[in-house]
Amino acid sequence: MDRKKYCAANWKMNKTPHDSVEYILEFQKKALDNHKVQIVICPPAVSLTAMISEIHRNTIELGGQNMHFENNGAFTGEISADMLVSSGAKWVILGHSERRHVFGESDEMINQKIKQALQSNLKPIFCVGEKIEDRESGNTGQVLAAQLTLGLKDISENDFQNIVIAYEPVWAIGTGLTATTTQVDDAHSVIRELLSKQGYESESTSILYGGSVKSDNAGELNSINGVDGFLIGGAALNVEEYYKIYQSF
Ligand code: PEP
């Protein structure tokens, strides 16, 4: 099955609009012509408008890192799906472990956000992944099942086709610890099986891996059959390093 591949970047709370523009101008000097790979850069929301007007490669799209589940109203400090879209985003990361575990987002809240994103024509990169204690107690499968069932509740097959899944074991995010190829392969198979059980066409669903991806492990991780690309945090902040990861596709 020829699934779409993604080289997605989560910049987290890094880079000012000025730094973001410098980055995108530098990055676009590279050969970015692999049309099988969609590049999705998710900068802080305040950088989106400045970046979008500098992007002249159709292999690059932008995304938000979070959004509220309502589209407007008295939600001080929040940003809506429509605001992201009108600032140039085509994607939004939802369910990221930092949103779940630092900001206390529940599966139900993530489900509401996914629905709102889809309604606003914003494609979710839906993150799931277990904590170290879940893995050590043999509960990875149950955790993934709960996150997928609750997060995708009442989402039709038609809408689901606009969702990309990112498997991001919490213990591998920003820690320098990467899951082994066997762990990644197993988790991606489990996710595909769970999605099928939920009635989705999982063979055509792109499932990305995220968790300390770097240029020196990208090639090995990319050779796993069920891996359709990456969601990259720290390593994507550097143009050369991100480009090397892109070249591993
Ligand atoms: C992330 O933030 O989604 C991530 C995978 O971070 P890192 O690559 O730094 O582990």
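One can find the structure itself at the top, above this paragraph.
## What to know about the overall build of the chain
- Within the chain one finds 11 helices and eight strands.
- In summary, the chain has a C-alpha radius of gyration of 17 Å against a globular reference of 18 Å for 249 residues, a match within 12%.
- Its C-alpha atoms put the chain at 45 × 45 × 30 Å along the principal axes.
- Residue burial in the chain is summarised as follows: out of 249 residues, 51% are buried.
- Long-range contacts, defined here as pairs at least 24 residues apart, represent 72% of the contacts in the chain between residues at least 6 apart.

## Structural notes on the packing of aromatic side chains
- In total, this model carries eight aromatic pairs according to the counting rule given.
- Linked through ring pairs, W11, Y23, F27 and Y242 together constitute an aromatic cluster.
- Above the plane of the ring of W11 lies K15, whose end atom (NZ or CZ) is 5.5 Å from the centre.
- Seen from the ring of F103, R99 lies directly overhead, with NZ or CZ sitting 4.1 Å from the centre.

## Thoughts on the site of the ligand
- In the vicinity of the ligand lie 14 residues, with K12, E168, G174, S212 and G233 positioned nearest.
- For the ligand, an oxygen atom lies 2.6 Å from a polar atom in the backbone of G174.
- At 2.8 Å, a backbone N or O of S212 approaches an oxygen atom of the ligand.
- When the ligand is considered free in solution it has 290 Å² of accessible area, and contact with the protein chains removes 96% of it.
- Looking at the shell around the ligand residue by residue, the class counts come to four nonpolar, eight polar and two charged.

## Topic: the nonpolar core
- The biggest cluster of nonpolar side chains holds 61 residues, and the ones touching the most others in it are F27, I41, L152, I165, Y209 and Y242.
- The contacts of F27, once residues within four sequence positions are left out, are L32, I39, I41, I60, V239, Y242 and Y243.

## Some thoughts on the packing of helix α1 (residues 17-27) against helix α11 (residues 239-247)
- With their axes 10 Å apart at the nearest point, α1 and α11 run at an angle of 45° to one another. Taken together, the axes of α1 and α11 lie oblique to each other. Note on packing geometry: the crossing formed by α1 with α11 is right-handed. In contact with Y23, E26 and F27 of α1, α11 contributes V239, Y242 and Y243.
- Classifying every residue of the contact of α1 with α11 gives five nonpolar, no polar and one charged.

Scoring rules and cut-offs
- Residues numbered from 1 in each chain as written.
- Predicted model: local features only at pLDDT ≥ 70, side-chain atom pairs only at ≥ 80, totals over all residues.
- Heavy atoms only, no water.
- Helix = DSSP H or I, 4+ residues; strand = E, 2+ residues; numbered from the N terminus.
- Rg over C-alpha atoms; globule rule 2.2 N^0.38 Å.
- Buried < 20%, exposed > 50% of the residue type's maximum accessible area, 1.4 Å probe, protein only.
- Contact = heavy atoms within 4.5 Å.
- Phe/Tyr/Trp six-rings, centres within 6.5 Å; stacked < 30°, edge-to-face > 60°.
- Lys NZ or Arg CZ within 6 Å of the ring centre and 35° of its normal.
- Near = heavy atom within 4 Å.
- Polar contact = N/O pair within 3.5 Å; in protein donor to acceptor, adjacent residues only side chain to side chain.
- Areas by Shrake-Rupley, 256 points an atom, 1.4 Å probe, with all protein chains shown as cover.
- Nonpolar A, V, L, I, M, F, W, Y, C, P; charged D, E, K, R; others polar.
- Core = buried A, V, L, I, M, F, W, Y, C linked by side-chain atoms within 4.5 Å.
- Axes fitted to C-alpha atoms, helices over the stretch in contact; angles between N-to-C directions.
- Parallel < 35°, antiparallel > 145°, perpendicular 65-115°, else oblique.
- Left-handed = near helix turned anticlockwise from the far one by under 90°.

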